[in-house]
Amino acid sequence: MSVPIAGLIDGDVGQDVRAPTTEKRISSDLTSVPHKRSVSGPEHPAPTHDPSITFEEYLYYADITRKEEAVANELYLASRGPTTIKSLIKDRFSKGNQQPTPPPTTSGDAAANEKAGAPPGSGSDADASASHNNVGVVVSVTPAEWKNASRAMRTAGWGGVFYLITTDILGPYSAPWAFAQMGYGPGIALYTVFGVMSYYSGWIIYKTFLGLDSDRYPLKGYGDLYFRTFGSLARHLVNFAQGLQLMLFVSVLILANGMAISQISQGPDGGTGICFVVCMIIFMLAGFLLGQIRTLQRFSWIANVAVWLNLLIIFITMGVAANSLPNFKATMASFGEAFAPGPILKFAGTPPEGLASGGSGFIGSLNGLNQAVYSYGGCMVFAAFLAEMRHPHDFWKSLLIAECFIYGVYLFFGIFVYSYQGQYTFNPAHQGLSSYGWQTAGNIILLVSSSIAAALYGNIGLKVLYVEVLQEIFHFPPLTASRGKWLWAGLVPIYWAIAFVVGAAIPLLSSISGFIGAMFILSFTYTLPALLALGYWIRKDAMLPGQERFDPSTGTYSYVDGGVKRWIRGYMAKPWFNTWNLVYLLGGLVTTALGMYSSIDSMIHAFQGGSKATSFGCASPV
């Protein structure tokens, strides 16, 4: 798991785009739907999270949008000419296919709606079709202009999205340590299996997005998929878990950078250095300043710089590891006297008792597996990437190439470093180098790239919690308001302080990152997509096209039945596919439980004397 492009996510959680509604929800358990609700023009955007909109209505408008996108893409490709390597590179750095934008409205109502975060079309039909400025001039807005406005932000090509996926997922620093816990054979097998499964999960997000997103009901984030399939409670739970996960990511970054600062402070002679908890406080204080950035729309370029910095650390680590001994001081500090200087050993299978720093036998393998899970995390922002694409049908190309590239990097880097450092392989890998100069170079580069990551994770995580919990449930003011800005400034130190407490209380990088990988990343990347696949295809296949229909003039869908009978019909339409997704879901839950167990067991062992580091203590784990 590496740095996400927050500029693409920012629109999902940076504003409150939900408009209140008093309309009755249309239930699929009803055999007929007499309720008629107000329907805006067919091309006008509607409130993002309106509970009265049915699953079938989302499908209806998504089908229209996909057909129109196919035609528009053919015209775009014809005007662009043949695809070459040069055009792919230009596509990465271009501003995209610019679309006409609707003329501005200057009426008091329109301005008020914009400040409140309500999208155009959330008012009455009259307001949606025209507005009046202060001098009485009528400004007309046609359906075609609304459609162009809706697509104006969808400019990314599949080549550009390949870079975004790679930026989001690639984070190979733990791969060598994972191989040291599992051995060559199991390590290659598990990285392969989880790589294939992460692609399958991405494919689920891709297909459900195509089925639920439309110009009229644009889908912006991961939580929206669950809202449209399962309802409001599912969206709130997913968004809250996402915000909590990102806060724990900040904890990991505080811990990792505290280790980097501590290692730098020890000097070439390996002195005591700065008190470890103070090193973590230093990075936390930097986070207080970084967290004051409320909008990250221009951060995507900086995040791409972080990718190249990460690759530079990889090359430094490989070159130095091949020509020097492991950092025995760090392994002894983190894993005890069992990893004092000695012969370097590598294993084809699971390492014998006492030769895996993450635990013995099955526990060690599970801790290695947790790092493999952590490495492939990133599925939760795929919906945001899809929302930016000019032609979302092409997402599968971006995903396939990115997953193959990431898989290759993980295997090559993990096997290479493990082959030279054996059981002494450290996490993160560059802190296992014995050369102080190269070790410091890697740590300084890490501090820069991690600062970018911390700004992104902290911003998105706090913004999700602010909008989805504080603003929606406790009625905090929007972030665009003056009070909202002051509250944000006050909440940032609290957010970072909580993250610091978690990191300082458990100063064990491999264990805490493994726990996060098992509890959150595995759920977001494997378990929840399986649940989404079950819900989406069962509901979709339960529809009876010859007997049921959606009426766009009233916004109603005529059901012939409901309840268990309907869900059984949907399940049996694709029995093998749905059974596979059910097995996938259960497998994800079991793996989550095992991963959490192994991480907790490693923490207990470390606090019983396996590590020099203690909660809120001065002793450094490196």
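This write-up is about the structure you can find in this document. (Residues numbered from 1 in each chain as written. Predicted model: local features only at pLDDT ≥ 70, side-chain atom pairs only at ≥ 80, totals over all residues. Heavy atoms only, no water.)

## Brief notes about the overall build of the chain
When helices and strands are tallied, the chain shows 22 helices and four strands. Sequence-distant contacts in the chain: of pairs separated by 6 or more residues, those separated by 24 or more amount to 84%. Carbon and sulfur atoms make up 68% of the accessible area of the chain, which amounts to about 24800 Å² in all. (Helix = DSSP H or I, 4+ residues; strand = E, 2+ residues; numbered from the N terminus. Contact = heavy atoms within 4.5 Å. Areas by Shrake-Rupley, 256 points an atom, 1.4 Å probe, with all protein chains shown as cover.)

## Considering a nonpolar patch on the surface
Nonpolar side chains collect at one region of the surface, where Ile274, Val278 and Ile282 lie side by side and expose about 210 Å² of accessible area between them. Of the residues examined, isoleucine 282 reaches a relative accessible area of 39% and is grouped as partly exposed. (Patch = residues over 30% accessible without salt bridge, like charges linked within 9 Å, V, L, I, M, F, W, Y side chains within 5 Å. Salt bridge = Lys/Arg side-chain N within 4 Å of Asp/Glu carboxyl O. Buried < 20%, exposed > 50% of the residue type's maximum accessible area, 1.4 Å probe, protein only.)

## A few points about the packing of helix α9 (residues 184–212) against helix α20 (residues 509–541)
At a closest axis distance of 9 Å, the pairing of α9 and α20 adopts a crossing angle of 40 degrees. In terms of orientation, α9 lies oblique with respect to α20. Every pair of crossing elements has a handedness; the one defined by α9 and α20 is left-handed. Across the interface between the two elements, Phe194, Met197, Ser198, Ser201, Trp203, Ile204, Ile205, Lys207, Thr208, Gly211 and Leu212 from α9 touch Thr525, Tyr526, Pro529, Ala530, Leu532, Ala533, Tyr536 and Trp537 from α20. In terms of residue class, the contact of α9 with α20 is made up of 13 nonpolar, five polar and one charged. (Axes fitted to C-alpha atoms, helices over the stretch in contact; angles between N-to-C directions. Parallel < 35°, antiparallel > 145°, perpendicular 65-115°, else oblique. Left-handed = near helix turned anticlockwise from the far one by under 90°. Nonpolar A, V, L, I, M, F, W, Y, C, P; charged D, E, K, R; others polar.)

## Details of the environment of leucine 586
Mapped onto the fold, leucine 586 is located in helix α22 (residues 575–610). On the basis of relative accessible area, leucine 586 is assigned to the partly exposed category, the value being 46%.

## Here we look at the packing of aromatic side chains
In this structure the tally under the stated criterion is 36 aromatic pairs. Where tyrosine 58 meets tyrosine 217, the ring centres are 5.3 Å apart and the plane angle is 75 degrees; that geometry is what we call edge-to-face. Here tyrosine 58 is found in helix α2 (residues 55–80), whereas its partner tyrosine 217 is found in the loop between α9 and α10 (222–230), with 159 residues between them in sequence. By the burial criterion, tyrosine 58 is buried, and tyrosine 217 matches it. An aromatic cluster is defined as three or more aromatic residues linked by ring pairs; in this entry it consists of Phe55, Tyr200, Trp203, Tyr536, Trp537, Phe577, Trp580 and Tyr584. Cation over ring: arginine 216 sits above tyrosine 61, and NZ or CZ is 4.8 Å from the ring centre. (Phe/Tyr/Trp six-rings, centres within 6.5 Å; stacked < 30°, edge-to-face > 60°. Lys NZ or Arg CZ within 6 Å of the ring centre and 35° of its normal.)

## Looking at the pattern of salt bridges
As enumerated under the stated definition, the model contains nine salt bridges in all. Two residues, lysine 397 and aspartate 394, come together in a salt bridge whose shortest N-O distance is 3.5 Å. Assessed through its relative accessible area of 12%, aspartate 394 is described here as buried. Via salt bridges that share partners, Glu548, Asp561, Arg566 and Arg569 belong to a single interconnected network.

## Remarks on helix α17 (residues 395–421)
Between its first and last C-alpha atoms α17 spans 38 Å; for 27 residues at 1.5 Å apiece the expected length is 39 Å, and the two agree. Looking one or two places after α17, you find glycine 422, whose phi comes out positive at around 55 degrees. (Expected span 1.5 Å × (residues − 1).)

## Some words on the nonpolar core
Formed by 143 residues in total, the largest nonpolar core has its most connected members in Ile165, Tyr191, Phe382, Phe395 and Trp496. No other element matches α20, which puts 16 residues into this core. Not counting residues up to four positions away in its chain, the partners in contact with phenylalanine 382 are Ile165, Asp168, Ile169, Gly202, Ile205, Phe395 and Leu399. (Core = buried A, V, L, I, M, F, W, Y, C linked by side-chain atoms within 4.5 Å.)

## Things to note about the side chain of glutamate 56
By secondary structure assignment, the location of glutamate 56 is in helix α2. For glutamate 56, which is buried and forms no salt bridge, the nearest opposite charge comes from arginine 566, at a distance of 4.1 Å. Reaching out from glutamate 56, the side chain makes a polar contact with the side chain of tyrosine 559 at a distance of 2.6 Å. (Lys, Arg positive; Asp, Glu negative; His and termini not counted. Polar contact = N/O pair within 3.5 Å; in protein donor to acceptor, adjacent residues only side chain to side chain.)

## Quick look at the side chain of glutamine 263
Its place among the elements puts glutamine 263 in helix α11 (residues 232–265). Residue class for glutamine 263 comes out buried when judged on its relative accessible area of 2%. In contact with glutamine 263, not counting residues within four places along its chain, are Asn327, Gln431, Tyr436, Gln439, Asn443 and Val622.

## Observations concerning unusual backbone geometry
Geometrically, the link from asparagine 427 to proline 428 is a cis peptide bond, its omega value of 0 degrees lying close to zero. Locating proline 428 in the fold gives a position in the loop between α17 and α18 (436–471). Its identity as a non-glycine residue notwithstanding, histidine 475 has a phi of 60 degrees, on the positive side. For histidine 475, the location among the structural elements is in the loop between α18 and α19 (482–505). Judged by relative accessible area, which is 65%, histidine 475 ranks as exposed.

## Things to note about the environment of histidine 49
Examined against the element boundaries, histidine 49 turns out to sit in the loop between α1 (6–13) and α2. Classification of histidine 49 by relative accessible area gives buried; the value is 10%. One polar contact links histidine 49 to aspartate 224, side chain to side chain, over a distance of 2.6 Å.

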